[in-house]
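Structural characterization, general
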Amino acid sequence: MASGQWPVKTKVCLGLLPGPLAYEELFPKVELGVERKQSLSNRKPKTENRKPSTQKSEKGLNWLLLRGLGIVLGSLFFYAGLQKHYHAYEFAEAVLAYRLGPIWLAGVAAAVLPWVELTAGGLLIAGFKRRSSLLLLSLLIASFLVVMGVTMARGLKIDCGCGLFFQAQVGPLAILQDAVLLAWAGGLYWWELRAGAVASSQ
Amino acid sequence: MQIRRFLWQDLTWAFFLLVLAVGFGLVKQWGLVSLAFQGDLADHLAKMREQRREQQFQGVKTLNLAQAYELFQEGRTLFIDARKDEEYAELHIAAAVNLPLEKLKDKDNPALANIAKERRIVVYCGEANCDLALKVAEKLQAAGFTRVEAYLGGFRAWDEAGYPVDTSK
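The shown structure was predicted, so the numbers you read here are calculated from the model rather than taken from an experiment.

**Re the overall build of chain A**
- Scanning chain A for helices and strands turns up eight helices and zero strands.
- Walking chain A from its N terminus toward its C terminus, one meets helices and strands in the order α-α-α-α-α-α-α-α.
- Classification of the 202 residues of chain A by burial places 33% in the buried group.
- In chain A, 65% of the contacts between residues at least 6 apart in sequence involve partners at least 24 apart.

Printed below as a string of structure tokens:
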């Protein structure tokens, strides 16, 4: 076969024709019909079609996780509050043992603290004013931590009055337990705060 | 900016919830609160504790600080510290032996085997409101020791009175 008779494709492959020209010849512009153009412009990219559902499921998962963690934390504090409320005098004894401030203050604290736990825990379980409840619990735990730190520094070996399922002494373990609870409540609060800010800005 | 606004709202609501909880607490536990304001809370708690102990530990004889110190001065009574090892090691009544409740679960405990059954024993724990001394005394009675008593003032009262103490450190 003579070289003059070779089809264009073959010429390009052999390097007999320059690139740009070959490209034009190889892929000539095809004029699309009006209907085809419209259908193409109406078609959404596949990623756009997939995105909302993925986002939705991610949001749903986050919401479930947030609610689940909130309910568990709320239940723990609600249970602790109930225990202290029904054994108020035993709790007053535990508060008195800290020897912080006058006796009347210990009595008021023993009466009030269980109700702070009950209110915040109950609202967290119910899902009403979750952020404020988490904030209240965080402040409560943070003050417990300060009190326990001071008690440890004073060298008092007393029952902390904070054990959920069994008695615990003021010491590193009780402090660790409260630190975990503080991280839990504080982390959840920050998460919910950011989620709320993002949702309101959209 | 949005976060700051939310934070402010949350703080306001948290304060409102706190006020609500304080109100509920004061109303629902008014008996406790009024006792505290009258200055009778400590006495009331001591009475309640005494009544509870009388019911819970019926067979255990008890001693106060003065009685325990008298026995200590006689020098024939064995003092048993019912607190945890580390608390005992830090400071304890002079010549006292450490015997926490957990160690009593082992019936063949060598510490018990060396004590004569008819020896006079005084058990104590850390505070006036701890029940450990009574629990250990009850267990010792069940193990066959005939002259066991519980000193209820706790190590703190002993230490504060300036009576002889020792350390294992």
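Moving on from the model shown.
**Focus: the interface of chain B and chain A**
- Between chain B and chain A, the residue contacts involve 37 residues of the former and 37 residues of the latter.
- Summing both sides of the interface, chain B and chain A together bury roughly 3400 Å²; the carbon and sulfur share of this comes to 71%.
- Area buried by chain B at its contact with chain A is led by B:Asp10, B:Leu17 and B:Arg156, which between them contribute 16% of it.
- For the interface between chain B and chain A, the tally reads three salt bridges.
- Taking the shortest distance from any N to any O, the salt bridge between B:Glu160 and A:Arg99 comes out at 3.4 Å.
- Summed over the shared surface of chain B and chain A, the number is eight residue pairs in polar contact (both at pLDDT 80 or more).
- Those elements that place two or more of their residues in the side of chain B that touches chain A are helix H1 (2–28), helix H2 (30–38), helix H3 (41–56), helix H5 (85–90) and helix H9 (154–160) of chain B.
- No other element matches the 17 residues that H1(B) contributes to the side of chain B that touches chain A.

**Quick notes on the packing of aromatic side chains**
- Summed over the entire model, instances satisfying the criterion amount to 13 aromatic pairs over all chains.
- Ring plane angle 90° and centroid distance 5.5 Å describe the contact between B:Trp13 and B:Phe16, whose orientation is recorded as edge-to-face. Highlighted residues: B:Trp13 and B:Phe16, both in helix H1, separated by three residues, approximately one helical turn.
- Positioned over the ring face of B:Phe6 is A:Arg131, at 4.7 Å from the centre of the ring.

**Some words on the sheet that holds strand S6 (residues 147–151) of chain B**
All names here are of chain B.
- The strand order S1-S6-S5-S2-S4 describes an open sheet built from five strands, whose pairing is parallel. Two strands lie at the open edges of the sheet, namely strand S1 (61–63) and strand S4 (97–98), each paired on one side alone.
- Where S1 lies against S6, three bridges are found, and the strand directions are parallel. Across the sheet, the residue bridging to Leu 63 is Tyr 151, located in S6.
- Contacts between helix H4 (residues 65–74) and the sheet are confined to S1, strand S2 (78–81), strand S5 (120–124) and S6, with S1 contributing the most and set at about 90° to the helix.

**Structural notes on the state of the cysteines**
All names here are of chain B.
- Summed over the entire model, instances satisfying the criterion amount to one disulfide over all chains.
- With a sulfur-sulfur separation of 1.8 Å, Cys 125 is cross-linked through a disulfide to Cys 130. Disulfide Cys 125 to Cys 130: torsion about the S-S bond roughly 100°, handedness right-handed. Note on accessibility: Cys 125 and Cys 130 belong to one class, buried.

**Quick word on the domain arrangement of chain B**
- Per the domain assignment, the segments of chain B are domain 1 (2–39) and domain 2 (53–166).
- A C-alpha centroid distance of 43 Å is found between domain 1 of chain B and domain 2 of chain B.

**Some details on the pattern of salt bridges**
Residue and element names in this part refer to chain B.
- What the rule picks out here adds up to 12 salt bridges over all chains.
- Ionic pairing is found between Arg 156 and Glu 127, a salt bridge with its closest N-O pair at 3.2 Å. One end of the pair, Arg 156, is in helix H9; the other, Glu 127, is in the loop between S5 and helix H8 (132–142), and 29 residues separate them in sequence. Taken individually, Arg 156 and Glu 127 each receive the classification buried, so the pair is uniform in this respect.
- Through salt bridges with shared partners, a single network forms among Arg 52, Arg 53 and Asp 131.

**Overview of the pairing of S2(B)**
Residue and element names in this part refer to chain B.
- With burial as the criterion, each face of S2 is covered, one bearing Leu 78 and Ile 80 and the other bearing Phe 79 and Asp 81.
- Summarising the sheet, S2 and S5 pair through four bridges and their orientation is parallel. Paired with Asp 81 across the two strands is Tyr 124, which belongs to S5.
- Relative to S4, S2 runs parallel, the two sharing two bridges. Residue pairing in the sheet places Ile 80 in a bridge with Val 97 of S4.

**As for the environment of A:Gly127**
- For A:Gly127, the position within the fold is in the loop between helix H6 (103–126) and helix H7 (130–153).
- A C-alpha to C-alpha distance of 8.3 Å links A:Gly127 and A:Gly70, two positions 57 residues apart in sequence.

**With respect to unusual backbone geometry**
- The residue A:Arg99 is not glycine, and still its phi comes out positive at about 55°.
- Position of A:Arg99 among the secondary structure elements: in the loop between helix H5 (88–97) and H6.

**Concerning the layout of surface pockets**
- The space that makes up the largest pocket amounts to roughly 1600 Å³.
- Forming the boundary of the largest pocket are 49 residues, of which A:Ile158, A:Asp159, A:Gln167, A:Ala168 and A:Gln169 lie nearest the centre.
- Listing elements by their share of the lining of the largest pocket, those giving two or more residues are helix H4 (46–86), H5 and helix H8 (172–201) of chain A together with H3, H5, helix H6 (101–104) and H8 of chain B.
- Looking at the lining of the largest pocket, the element that brings in the most residues is H5(A), giving five residues.
- Considering only residue class, the lining of the largest pocket consists of 23 nonpolar, 11 polar and 15 charged.
- Approximately 920 Å³ is the volume attributed to the second largest pocket.
- Lining the second largest pocket are 40 residues, and of these A:Val95, A:Leu96, A:Ala97, A:Tyr98 and A:Arg99 sit closest to its centre.
- Going through the elements one at a time, H5, H6 and H7 of chain A together with H3 and H9 of chain B are the ones with two or more residues in the lining of the second largest pocket.
- By residue number, the principal contributor to the lining of the second largest pocket is H6(A), which donates seven residues.
- Among the residues forming the lining of the second largest pocket, the class breakdown is 26 nonpolar, five polar and nine charged.

Each value, and the rule that gives it
- Residues numbered from 1 in each chain as written.
- Chains lettered and ligands numbered in written order.
- Predicted model: local features only at pLDDT ≥ 70, side-chain atom pairs only at ≥ 80, totals over all residues.
- Heavy atoms only, no water.
- Helix = DSSP H or I, 4+ residues; strand = E, 2+ residues; numbered from the N terminus.
- Buried < 20%, exposed > 50% of the residue type's maximum accessible area, 1.4 Å probe, protein only.
- Contact = heavy atoms within 4.5 Å.
- Buried area = accessible area lost by both parts, 1.4 Å probe.
- Salt bridge = Lys/Arg side-chain N within 4 Å of Asp/Glu carboxyl O.
- Polar contact = N/O pair within 3.5 Å; in protein donor to acceptor, adjacent residues only side chain to side chain.
- Phe/Tyr/Trp six-rings, centres within 6.5 Å; stacked < 30°, edge-to-face > 60°.
- Lys NZ or Arg CZ within 6 Å of the ring centre and 35° of its normal.
- Pairing = 2+ DSSP bridges.
- Axes fitted to C-alpha atoms, helices over the stretch in contact; angles between N-to-C directions.
- Disulfide = S-S within 2.5 Å.
- Domains from an automatic or database assignment.
- 1 Å grid on protein atoms, 1.4 Å probe; cavity = no way out; pocket = protein on both sides within 12 Å on 5 of 7 lines; lining within 4 Å.
- Points joined across faces, edges and corners; volume = space filled by probe spheres on them.
- Nonpolar A, V, L, I, M, F, W, Y, C, P; charged D, E, K, R; others polar.

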